[in-house]
Every structure is written in structure tokens, then in C-alpha cells.
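# Coordinate inspection notes
Spelled out from the first residue to the last, the chains are:
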Amino acid sequence: MIPGKYRSVSGRAANNVNCGLHLVIQTSSLPEKSKVEFKLNKETPSFSGRLLQHDLERNYSSRQGDHIHLASSSMPSFPILQRSSEEKILYSDRLTLERQKLTVCPIIDGEEHLRLLNFQHNFITRIQNISNLQRLIFLDLYDNQIEEISGLSTLRSLRVLLLGKNRIKQISNLENLKSLDVLDLHGNQITKIENVSHLCDLRVLNLARNLLSHVDNLNGLDSLTELNLRHNQITFVRDVDNLPCLQRLFLSFNNISTFESVCCLADSSSLSDITFDGNPIAQESWYKHTILQNMMQLRQLDMKRVTEEERRMASVVAKKEEEKKRESHKQSLLKEKKRLTINNVARKWDLQQHRIPNIAPNQDRKVSDSSQDPSQLHGSTVSAFPEETGSLDSGLTNDLQGLSVTDTHLVEVDGDTLSLYGSGALESLDRNWSVQTAGMVTTVSFTFIEFDEIVQVLPKLKIKFPNSLHLKFKETNLVMLQQFNALAQLRRVDQLTIDPQGNPVVNFTLWKYYVLFRLSHFSMQKINGTEVTQNDMIMAERLFGILAHVASSELPQYRMISILGDARKKQFRYLLETKGKKPGLVNEENNDSKRLVGENTNRAMLNYTTRDFYNERLEEIKEKKKFCKMYMEDLVKEATEINMKNEALQKLWPQMFIELVRDAVIEIRNKNSYMKLCLQQITDQN
């Protein structure tokens with residue numbers, strides 16, 4: 001026989017928590033058969049703020065208050081609870097002390113049979129004087145001023161503990177409450193989930209309106225079916241996938257902004273209802289379909305039923321997102337490889353400039369030689385890496401960790417800009433560029449390349465990229481003004497950018513004026529991003545105009561003609577031929593030549609010889625000097641020998657002459673014999 005059955009739903013908790021739980025307490029006339037049963041109401045359509053609570057207010061509190069008497073004890077700080085015999089019989093297993101303005105827990109003697117105890121809406125600061133209530137099943141201390149969980153170690157039968165709206169900062173002292181089924185700690189100041197792993201029978205945990213920043217330490221809660229974490233400061237969630245029975249998870253109004261921070265939820269096979277409303281993630285366009293695609297078992301999302309159409313749409317959108325993700329992954333790898341390649345080129349450049357010791361490069365400076373379509377990337381397989389560098393998936397992270405490249409140069413076309421890194425990139429100008437790509441390039445950037453090497457490919461650049469108007473130089477060793485003379489051979493330059501890094505020439509005060517003077521035939525518009533004005537042109541002519549006159553006037557005509565190109569040679573010869581003639585008598589051929597040349601002849605005398613070419617000439621001059629020296633030495637030696645022979649001849653000649661005369665006299669002394677001898681010699685010769 002069951003003498004009493006109590007079923008209640010909390011009215012005051014409707015604005016605070018959502019448990020959807022009914023408590024049914026059944027007591028038997030035989031104490032040893034007494035039974036307490038907790039059931040989840042699975043038929044409840046919503047969880048709009050229903051929490052466990054006994055119905056003392058409706059059935060019992062108004063009458064019980066008339067029969068409860070709090071008497072003073074020998075210890076003045078603790079009142080003693082006294083109930084009439086009639087009250088004890090009528091409500092033998094429950095007691096409510098709600099709204100009694102209590103600051104401490106009263107001493108409750110003779111009530112060891114109590115199973116439900118209510119201290120709601122008081123001012124209690126510490127749990128005490130209830131250790132003798134070892135049959136207690138339901139303890140409600142909602143809306144008090146408790147700062148620490150304590151005094152519960154003897155209540156081993158406790159199944160429901162309601163400590164919401166207190167001042168608790170830490171979850172502790174629950175070691176002996178292994179039978180706990182419902183734990184309500186909402187509205188406190190808890191910053192960390194801890195000391196709950198032993199509560200293997202706990203089914204409902206309410207930590208709403210606390211100060212939690214993350215969710216973890218949930219291992220061991222094998223019976224947990226509902227977890228309420230609303231109104232915290234949570235940014236990421238862990239360990240939830242290790243809760244085998246979890247069905248409902250409430251994460252509304254937190255700071256969750258990415259799915260990666262709650263990705264463990266996708267591994268939960270039991271989770272059916274979840275809420276994210278009030279989080280930054282819920283404002284994202286991809287929010288709903290991402291959640292549904294990764295959590296196929298969900299029945300409700302943000303308190304709304306999930307339909308099959310929503311699942312289908314989520315699947316379609318997820319496929320598109322996966323494609324975008326793969327492309328982003330690819331671009332990320334390529335951009336990272338580009339970064340490593342540029343780092344490697346920079347290190348090689350620093351070694352060449354003796355800026356750093358020659359040691360083995362770091363792993364992240366390794367680069368690899370590879371080729372690619374010149375219309376995109378050359379010298380390396382490189383691409384874009386989203387600079388957001390936010391949260392990278394594990395696959396991308398692993399790929400980046402294993403990335404190893406050994407390229408020593410890089411060529412990249414980005415829009416209308418051709419970027420060349422490292423001297424090896426100059427070889428790309430020999431490749432077969434498509435007409436469309438070559439015509440699109442208007443800006444050419446050189447980085448980590450010696451300017452003297454660039455000079456050698458300027459004719460190719462003029463041919464391959466006829467529309468290039470803007471040149472950029474960074475770390476190219478521009479050290480003297482004469483180097484700008486080499487740019488005169490280009491077809492056209494509208495803008496020039498010289499980065500101070502690696503180009504000491506910009507430290508010269510007048511370098512811009514020299515550029516404007518030497519390249520005046522280009523009518524440049526900008527230098528280092530600054531507009532060129534007419535005053536700048538006038539100042540450049542005043543500063544350096546005499547230089548061109550001196551350069552041209554001091555050179556002999558044959559030397560000047562050898563320096564000039566064919567078109568300028570014609571112009572120069574014409575100038576020489578027409579000296580003294582009337583001005584204005586210029587034929588059409590000379591007009592065309594002048595238009596084609598464009599560059600002032602005097603300025604054309606200002607050329608630049610690269611160091612390599614100069615060194616070659618130097619070697620050639622040395623060889624010629626060596627040859628001349630040897631030739632002169634041979635001539636001197638030969639002349640010396642001739643002189644010595646001449647001197648010796650002068651000394652020997654008198655004696656030799658006497659002997660010649662003597663021999664001749666002796667031979668013709670006998671005229672007949674001499675004649676016969678001569679005839680005989682003539683005969684023998686014939």
C-alpha cells in the first residue's frame with residue numbers, strides 16, 4: 001500500500017533553468033521497503049524552465065508554518081526546530097523552512113526520518129546541523145548566501161541537491177554523495193568544472209549562470225543525460241563526447257565562435273538536443289548547416305525540431321563548403337611554401353652580402369626546385385595562405401609541419417604584377433609567355449637580385465613585357481647614380497619604386513633628380529609613390545644638365561659614335577654634317593630618327609657598365625698589356641743581340657778584311673791556274 005505520492009514542478013525556477021524533470025516519491029508503510037524513484041518526462045515537448053521541486057507551497061507550507069516553532073537552544077547562534085506531533089504525523093518525511101529569514105541552519109532533532117528538506121529564500125551562509133538526517137533524499141538550498149559546499153558528507157542517500165543562486169566559487173566536498181541524481185549549481189560564481197568524476201549516477205547537472213570559460217573534466221559522468229551551461233563565458237568544449245548517455249546540452253548565451261571549439265560534440269552518438277543561440281557562432285551564415293551536417297543524430301537545435309529538408313540542405317551546403325575548404329587548404333599550403341621559398345632566397349641573399357654567418361639554414365628556410373606554368377608561378381609550387389591563420393584543421397597543420405622546399409628563386413604573377421625573387425628567377429624571361437599574360441603585366445618587381453644581373457635582362461624584359469610601366473627594386477644593391485643610366489634602354493617607364501632596404505643609393509639627397517634628368521625622355525609620373533611635378537623636372541635639368549654637356553663634349557667623335565646605337569649614330573652624323581647650315585633644313589628621315597630616339601644625345605653619353613662587363617674588360621686589358629709587354633721584351637732582346645753582333649763585327653772586320661785581301665791575292669797570283677780553277681767551278685755548277 002502506498003500512503004502518499006508527491007509530484008511537483010518548480011514555479012520559481014522557470015526563469016532560471018530547464019530540466020524538464022518530474023520527481024515522484026513513493027513511501028511504503030514498511031520502512032525497509034521505502035522507495036524513491038526519479039523519472040525523466042520524455043513526453044514533455046519543451047524544456048522551458050522546469051526544475052525539480054516538491055510541492056510544499058501548494059499542499060503544505062501554509063499550514064506547516066503555523067505549527068513550526070523555532071526555540072532558542074543552549075547555543076544561542078543555532079535555533080532548535082520543534083514541530084507538533086500532529087504535524088510530524090501529517091508530514092512525517094518532509095519539512096520546509098522557506099522564507100524564514102534564517103541566517104543559519106537550525107538544529108533539527110528527532111527528524112531523522114526526513115527525506116525532503118527545503119531552505120529556499122533564506123540568508124544561510126553555511127550548510128550545517130543536518131548531518132543527522134541520513135535518510136535525506138532531497139535538499140533544497142536555493143537562493144541563500146552559501147559560499148562553500150560543506151556539511152554533506154554523511155548524507156549518502158541524497159539524490160537531489162539544489163544549490164542554485166548562492167555564492168559558491170568551487171565544486172567540492174561531494175565525495176560521499178555517490179548516489180546523487182540531480183545537482184543544481186546555477187547562479188553561482190564557479191569558474192571550473194571539477195570534483196564530479198565520481199558521480200557516476202548523476203543524470204542532471206545544472207551549471208547555468210556561472211563564470212565558466214571552458215568545459216572539460218566530465219569523464220566519469222556515465223549516467224549524465226542533461227547538462228545545462230547557459231549564460232557562462234564558455235569559448236570551447238571538451239570531453240562531452242565521452243558522456244555515453246548525454247541527450248540534452250544547453251550552451252546558449254556563451255562565447256562560442258567556431259565549430260572547431262565544439263567539434264567534440266560531433267563524436268557524441270547519444271546527443272539529440274542542443275542549443276547555441278546567443279553565441280557568436282549562431283550569427284554565422286554557415287552555422288545551421290554545419291551543425292546539422294556534423295551532428296546527424298540531432299532531433300532539436302536551439303529548441304526547434306530539425307526537419308528532413310533542413311538536413312538535405314545542410315548536406316548540399318556542406319559539400320560546397322568541403323570543396324571550398326579543400327581549395328583553401330591547397331591555397332594555404334601554397335602560400336606557406338611561398339613564404340618558405342622567399343625566406344630561403346632572403347637567407348641566400350644575406351649570405352652573399354655577408355650579413356649572416358654561412359651556416360646551415362633552418363628547417364623552415366628549406367626550399368625546393370619545381371616548375372610551373374609561367375602564367376602563374378615559376379620556380380616553385382607556391383600559392384596563397386589565408387593570413388587569418390585562425391584555427392587550422394589537423395590535416396592542414398600536419399601538412400604544414402611536413403612542408404619542405406628547396407627552391408632558390410620564385411617567379412609569381414599576381415594580377416598585373418610580375419614578382420621576381422632571386423637571381424634564378426631572371427631565367428624565366430626566356431620562357432614562352434602567353435600573349436595574354438605578358439600583355440597583362442604592367443608592374444615588374446625585383447627582389448634579392450643584383451642590379452647588374454637585372455641590367456643584362458632588360459632588353460628581354462622590354463620585348464617579353466611590352467606594357468610594363470612600373471619597376472620596383474628591393475634588395476638589389478643599387479649603390480650609385482650611374483646604375484640608373486641602364487634603365488634608359490627600356491621602352492617606357494612611368495613609375496619607379498626604389499625600396500630603401502638593400503638600396504643605399506636612396507640615401508643620396510639628389511638621387512630622384514638624377515633619375516628625372518637621365519630618364520627625362522620617359523616623362524615619368526611617379527617616383528616612390530610621389531607625383532613628379534614640372535618644378536622637379538626643371539630642378540633636375542639645372543642640377544645635372546651641365547653633366548651631359550661635359551660628357552658629350554669631352555669624348556672624341558669616333559668614341560661617341562661607337563657608344564651610340566644605329567639610330568643615334570645617324571642622328572649624330574647628321575648633326576655633324578649640318579653644322580654651319582641654316583636651321584630648319586631637316587629632312588623627313590632625320591625627323592623620324594629623332595622621334596624614334598626620343599632620348600637626348602648628350603644624355604645618351606651617360607651609360608653604365610656593369611661590374612661583370614667591367615671585370616671582363618679589365619681582364620682583356622690585362623691580357624693585352626701582358627702581350628704587349630712580352631712583345632716589347634722580345635723586340636728589346638732582339639735589338640740587343642743585333643747591337644752586340646754589330647759591335648763584334650766592328651772589332652773583327654779589319655782583320656777579316658786583311659785576310660780576304662790576302663786570300664784574293666794568293667788565288668790570282670798564278671793567273672792561268674786561277675782561270676782554269678774558275679772555269680772548272682763554272683763547269684761543275686752547270
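Residues numbered from 1 in each chain as written. Predicted model: local features only at pLDDT ≥ 70, side-chain atom pairs only at ≥ 80, totals over all residues. Heavy atoms only, no water.

Under an unreviewed UniProt entry, the name given to the chain is Leucine-rich repeat-containing protein 49, and the source organism is Odobenus rosmarus divergens. The Subcellular location (unreviewed entry) comment attached to the chain in UniProt states, word for word, "Cytoplasm, Cytoskeleton, Microtubule organizing center, Centrosome, Centriolar satellite". (UniProt positions renumbered as here; feature names shortened; annotations may be inferred.)

If you tally the helices and strands in the chain, you get 16 helices and 29 strands. In the chain, once contacts between residues fewer than 6 apart in sequence are set aside, the share between residues at least 24 apart is 52%. Accessible surface, the chain as shown: approximately 37700 Å² in total, 51% of it carbon and sulfur. (Helix = DSSP H or I, 4+ residues; strand = E, 2+ residues; numbered from the N terminus. Contact = heavy atoms within 4.5 Å. Areas by Shrake-Rupley, 256 points an atom, 1.4 Å probe, with all protein chains shown as cover.)

Another aspect to go through is the sheet that holds strand β6 (residues 94-96). Pairing in this open sheet of eleven strands is mixed, and the strands run β6-β8-β9-β10-β11-β12-β14-β16-β17-β18-β19 from one edge to the other. Each having just a single partner strand, β6 and β19 (304-305) make up the two edges of the open sheet. (Pairing = 2+ DSSP bridges.)

With that settled, consider unusual backbone geometry. With a phi angle near 60 degrees, N477 is a residue other than glycine that sits in the positive phi range. Relative to the helices and strands, N477 is located in the loop between β26 (470-474) and β27 (495-498). Despite not being glycine, N528 shows a phi value in the positive range, around 50 degrees. Positionally, N528 belongs in the loop between β28 (526-527) and β29 (530-531). Given a relative accessible area of 28%, N528 falls into the partly exposed group. (Buried < 20%, exposed > 50% of the residue type's maximum accessible area, 1.4 Å probe, protein only.)

What follows is about the UniProt feature "coiled-coil region" (unreviewed entry) in the chain. Taking the numbering used here, the UniProt-annotated feature "coiled-coil region" (unreviewed entry) corresponds to residues 306-339. The span residues 306-339 carries 94% helix and 0% strand; its end-to-end C-alpha distance comes to 45 Å.

Moving on, we come to helix α5 (residues 308-352). Structurally, the α-helix is built with 3.6 residues per turn, so residues lying three or four positions apart point the same way. Under the 1.5 Å per step criterion, the end-to-end length of α5 is 65 Å for 45 residues, consistent within 8% with the ideal 66 Å. Of the residues flanking the end of α5, it is H354, one or two places downstream, whose phi is positive at about 60 degrees. (Expected span 1.5 Å × (residues − 1).)

Counting through the fold element by element, Q483 comes out in the loop between β26 and β27. When sequence neighbours within four positions are dropped, the list of residues in contact with Q483 reads F451, D452, N477, L478 and Y608.

Moving on, we come to the packing of aromatic side chains. Overall, the coordinates contain eleven aromatic pairs when judged by the stated rule. On the numbers, 5.9 Å between centres and 20 degrees between planes, the contact of F484 with W511 is stacked. With F484 in the loop between β26 and β27 and W511 in helix α9 (residues 511-518), this pair connects stretches of sequence that are 27 residues apart. Judged by its relative accessible area of 4%, W511 is buried. Following the ring pairs from residue to residue traces out a cluster consisting of F446, F451 and F473. (Phe/Tyr/Trp six-rings, centres within 6.5 Å; stacked < 30°, edge-to-face > 60°.)

A few words on the pairing of strand β5 (residues 80-83). By the alternation rule, side chains of β5 split into L81 and R83, which are all buried, and I80 and Q82, of which none is buried. Of the strand pairs in this sheet, β5 and strand β7 (residues 107-108) are connected by two bridges, and their pairing is parallel. When the bridges of β7 are listed, I80 appears paired with I107.

Right, let's get into the nonpolar core. In terms of nonpolar packing, the biggest core is built from 68 residues, with F119, L139, L161, L229, L249, L265 and F276 touching the most fellow members. In contact with F119, not counting residues within four places along its chain, are L97, L102, C105, P106, I108, I124, I130, L139, D140, L141, Y142 and N144. Counting 49 residues, the second largest nonpolar core, distinct from the first, contains F473, F484, A486 and V515. (Core = buried A, V, L, I, M, F, W, Y, C linked by side-chain atoms within 4.5 Å.)

On to the pairing of strand β25 (residues 443-447), then. Judged by how many residues are buried, β25 sits mostly within the fold: five of five residues are covered. What you see with β25 is no split at all: T443, S445 and T447 on one side and V444 and F446 on the other are buried throughout. Of the strand pairs in this sheet, strand β24 (residues 417-421) and β25 are connected by five bridges, and their pairing is parallel. Note on β25: the bridge partner recorded for L420 is F446. Handedness of the crossover joining β24 and β25 through helix α7 (residues 435-440): right-handed. Of the crossover connections in this fold, the one passing from β25 over helix α8 (residues 451-464) to the parallel β26 is right-handed. (Right-handed = clockwise from strand over helix to strand, strands pointing away.)

Our next topic: the confidence of the model for the chain. Regions with low pLDDT carry predicted coordinates that are not meant to be interpreted in detail. Per-residue confidence for the chain gives a mean pLDDT of 76; residues scoring 70 or more make up 72%. In this model residues 359-392 is a low-confidence stretch, pLDDT under 50, and it forms 106 contacts with partners more than four residues away in sequence or in other chains. Note that residues 579-597 has pLDDT below 50 and, in this model, eleven contacts with residues that lie over four places away or in other chains. (pLDDT = per-residue confidence, 0-100.)

Before going further, it helps to examine the pattern of salt bridges. Side chains bearing opposite charge may pair, as long as their charged atoms lie close to each other. Taken as a whole and judged by the stated rule, the model has twelve salt bridges. Across the salt bridge formed by E98 and R99, the nearest N and O atoms sit 3.5 Å from each other. A relative accessible area of 12% places E98 in the buried class. As a salt-bridge pair, D181 and R203 come within 2.8 Å of each other at their nearest N and O atoms. You can see D181 sitting in the loop between β10 (160-162) and β11 (182-184) and its partner R203 sitting in the loop between β11 and β12 (204-206), a full 22 residues away along the chain. Judged on exposure class, the residue D181 and its partner R203 are both buried. One connected set of salt bridges, linked through shared partners, spans R159, D181 and R203. (Salt bridge = Lys/Arg side-chain N within 4 Å of Asp/Glu carboxyl O.)

This paragraph deals with a nonpolar patch on the surface. A cluster of nonpolar side chains, namely L649, L652, W653, M656, F657, L660, V661 and V665, defines an oily patch on the protein surface of about 750 Å² accessible area. Within the fold, W653 resides in helix α15 (residues 611-668). The class of W653 is partly exposed, set by a relative accessible area of 44%. (Patch = residues over 30% accessible without salt bridge, like charges linked within 9 Å, V, L, I, M, F, W, Y side chains within 5 Å.)

A large share of α9 lies buried, amounting to six of its eight residues. When we look at burial in α9, the residues that qualify are W511, Y514, V515, L516, F517 and R518.

This part covers the environment of P280. Of note, P280 is situated in the loop between β17 (273-275) and α4 (287-294). We classify P280 as partly exposed; its relative accessible area is 37%. Note: C-alpha distance between P280 and F253 (27 residues apart in sequence) is 8.7 Å.

Moving on to a negative patch on the surface. On the surface, E633, D634, E638 and E641 cluster together into a negatively charged patch. Within the secondary structure layout, E641 lies in helix α15. Residue class for E641 comes out partly exposed when judged on its relative accessible area of 39%. (Lys, Arg positive; Asp, Glu negative; His and termini not counted. Charge placed at Lys NZ, Arg CZ, Asp CG, Glu CD.)

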